[in-house]
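Structural description and commentary
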Amino acid sequence: MRIFENANYPFVQNRKKAYVFSGVLLLLSLVSLVTRGLELGIDFKGGMEFIVSGATEPGATAIREALTPVLGAEPEVKTYGEDILIRVAAEGDINEVQRQIVETIRQRFPETQPEVVQTNIVGPRFAEDLKRGAIYSILGSLLVIFVYILIRFEWRFSLGAVVALFHDVLITLGLFSFLHGWLPFSLEIDQTIIAAFLTIVGYSLNDTVIVFDRIREYTNLFKTKPFEEVVNLSVNATLSRTIITSGTTLLVVVILFIFGGEVLRGFSFALIVGIVIGTYSSIFVASPVVIELRARASVRRLATAR
């Protein structure tokens with residue numbers, strides 16, 4: 001099946017409008033990251049985490065108020081599907097903390113039947129190591145991608161691909177920052193979300209390389225055409241494949257988001273955002289960056305020739 005037969009949309013001609021759109025999204029993402037920050041999971045800040053069933057009736061606020069004097073600090077309490085998620089920054093014996101939580105809820109809310117169905121504990125030092133490892137893994141993947149595109153194409157394409165990937169990850173992070181606390185599911189950053197970001201990087205790169213391949217092919221085929229026109233032809237030529245691939249992948253991820261349960265909701269949400277932003281950036285960010293870099297090189301060559 002082929003849609004967008006003989007497509008000839010002026011993507012490259014409208015790239016400056018895309019620059020403004022991307023610039024606004026990046027600016028809002030940075031503002032949100034600075035002012036609101038991210039909701040870090042237990043993997044990156046350490047502590048204990050309990051998922052308690054049979055205690056949703058009193059509500060998260062009432063349970064938080066009941067547990068604060070017992071635990072010596074205000075815990076993070078939120079609804080987690082049909083259960084309650086309680087996160088405690090305290091150190092010590094996890095069994096003792098679990099006993100305090102269950103007994104306190106049972107005494108303060110006799111109508112409940114609290115039962116801890118899952119526990120997690122991460123030490124502060126281990127959490128710091130995980131945080132550092134996550135940053136290194138994302139930066140390392142961008143470096144490897146830069147080198148890979150450099151070997152396969154040239155440095156301008158490398159820079160265009162890395163700029164597009166940075167664009168995708170930063171906007172997705174910004175959306176996580178802006179929306180956490182507003183949506184009825186968790187958007188905390190943990191190892192699962194880092195895996196989602198690395199998946200976004202791989203997915204977005206795949207789309208970008210397809211377009212770059214076509215640009216290289218058409219550059220040799222239409223040697224007399226201006227480079228901008230060649231890029232626009234290439235983007236239009238791959239548009240059908242891009243839309244079908246993105247659409248079918250998005251369909252699968254939306255099903256995962258709906259039916260995957262509470263644990264996978266943040267992961268699938270990150271993929272949904274990443275697929276949409278990655279498809280956009282492969283058309284309006286990666287290739288236009290290559291155009292701008294080549295245009296600057298031409299201007300410098302002309303200036304040197306004079």
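A short tour of the structure in this document, coming up. (Residues numbered from 1 in each chain as written. Predicted model: local features only at pLDDT ≥ 70, side-chain atom pairs only at ≥ 80, totals over all residues. Heavy atoms only, no water.)

Now for the overall build of the protein. Helix and strand counts for the protein come out as eleven helices and four strands. Relative to its length of 306 residues, the protein is extended, with a C-alpha radius of gyration of 24 Å against a globular reference of 19 Å. Each principal axis of the C-alpha atoms in the protein carries an extent, and together these give about 80 × 45 × 30 Å. The buried share among the 306 residues of the protein stands at 47%. For the protein, restricting intrachain contacts to residue pairs at least 6 apart in sequence, the fraction spanning at least 24 positions comes to 79%. For the protein, the accessible area works out to roughly 16100 Å², and carbon and sulfur atoms hold 62% of it. Side chains of the protein carry 28 positive and 29 negative charges; the gap between the two charge centres is 16 Å. (Helix = DSSP H or I, 4+ residues; strand = E, 2+ residues; numbered from the N terminus. Rg over C-alpha atoms; globule rule 2.2 N^0.38 Å. Buried < 20%, exposed > 50% of the residue type's maximum accessible area, 1.4 Å probe, protein only. Contact = heavy atoms within 4.5 Å. Areas by Shrake-Rupley, 256 points an atom, 1.4 Å probe, with all protein chains shown as cover. Lys, Arg positive; Asp, Glu negative; His and termini not counted. Charge placed at Lys NZ, Arg CZ, Asp CG, Glu CD.)

In this section: a nonpolar patch on the surface. Where nonpolar side chains cluster on the molecular surface, the patch consists of Leu251, Val254, Ile255, Ile258 and Phe259 and spans about 510 Å² of accessible area. For Ile258, the location among the structural elements is in helix H9 (residues 239-259). Classification of Ile258 as partly exposed rests on a relative accessible area of 48%. (Patch = residues over 30% accessible without salt bridge, like charges linked within 9 Å, V, L, I, M, F, W, Y side chains within 5 Å. Salt bridge = Lys/Arg side-chain N within 4 Å of Asp/Glu carboxyl O.)

To continue, consider the packing of aromatic side chains. Two aromatic rings are characterised by how far apart their centres lie and by the angle between their planes. Inspection of every chain in the model, using the stated rule, returns 13 aromatic pairs. When the ring of Phe153 is compared with that of Phe157, the centres are 5.4 Å apart and the planes differ by 20 degrees; the resulting orientation is stacked. Residue Phe153 is classed as buried on the basis of its relative accessible area, which comes to 14%. Phe157 gets classed as buried once you look at its relative accessible area, which sits at 5%. Geometrically, the ring pair formed by Phe176 and Phe269 is tilted, given 5.7 Å between the ring centres and 50 degrees between the ring planes. Residue Phe176 is found in helix H6 (residues 155-179), and its partner Phe269 is found in helix H10 (residues 262-284); the two are separated by 93 residues along the sequence. You'll find Phe176 and Phe269 in the same group, each marked buried. Put simply, the rings of Tyr9, Phe11, Phe21, Tyr280 and Phe284 pair up and form one aromatic cluster. (Phe/Tyr/Trp six-rings, centres within 6.5 Å; stacked < 30°, edge-to-face > 60°.)

Attention shifts here to a positive patch on the surface. Together, Arg294, Arg296, Arg300 and Arg301 make up a positively charged patch on the protein surface. The class of Arg294 is partly exposed, set by a relative accessible area of 30%.

Of all hydrophobic cores here, the largest spans 58 residues; its most connected members are Ile149, Ile189, Phe197 and Phe212. Residue assignment for this core shows that the elements contributing at least two residues are helix H5 (124-152), H6, helix H7 (191-221), helix H8 (227-237), H9, H10 and helix H11 (286-305). A per-element tally of this core places H7 first, with twelve residues. Among all residues touching Ile189, those that are not within four sequence positions of it are Leu38, Glu39, Leu40, Gly41, Phe44, Leu173, Phe176, Ile194 and Phe197. Val52, Ala55, Ile86 and Ile101 belong to the second-largest nonpolar core, a separate cluster that totals 20 residues. (Core = buried A, V, L, I, M, F, W, Y, C linked by side-chain atoms within 4.5 Å.)

Its location among the elements puts His180 in the loop between H6 and H7. The contact partners of His180, leaving out residues within four places of it in the chain, are Arg36, Gly37, Leu38, Glu39 and Leu187.

Once that is clear, we can look at the pattern of salt bridges. On inspection of all chains with the given rule, the structure shows 13 salt bridges. A salt bridge links Glu228 to Arg15; the nearest nitrogen and oxygen atoms lie 3.3 Å apart. With Glu228 in helix H8 and Arg15 in helix H1 (residues 15-35), this residue pair connects regions lying 213 residues apart in the sequence. Under the relative-accessibility criterion, Arg15 is labelled buried at 9%. The shortest N-O distance in the salt bridge between Glu49 and Arg87 comes to 2.8 Å. Of this pair, Glu49 sits in strand E1 (residues 47-53) while Arg87 is found in strand E3 (residues 83-88), placing the two residues 38 residues apart along the sequence. In this pair, the class of Glu49 matches that of Arg87, namely buried. Salt bridges linked by common partners bring Glu49, Glu76, Arg87 and Glu188 together as one network.

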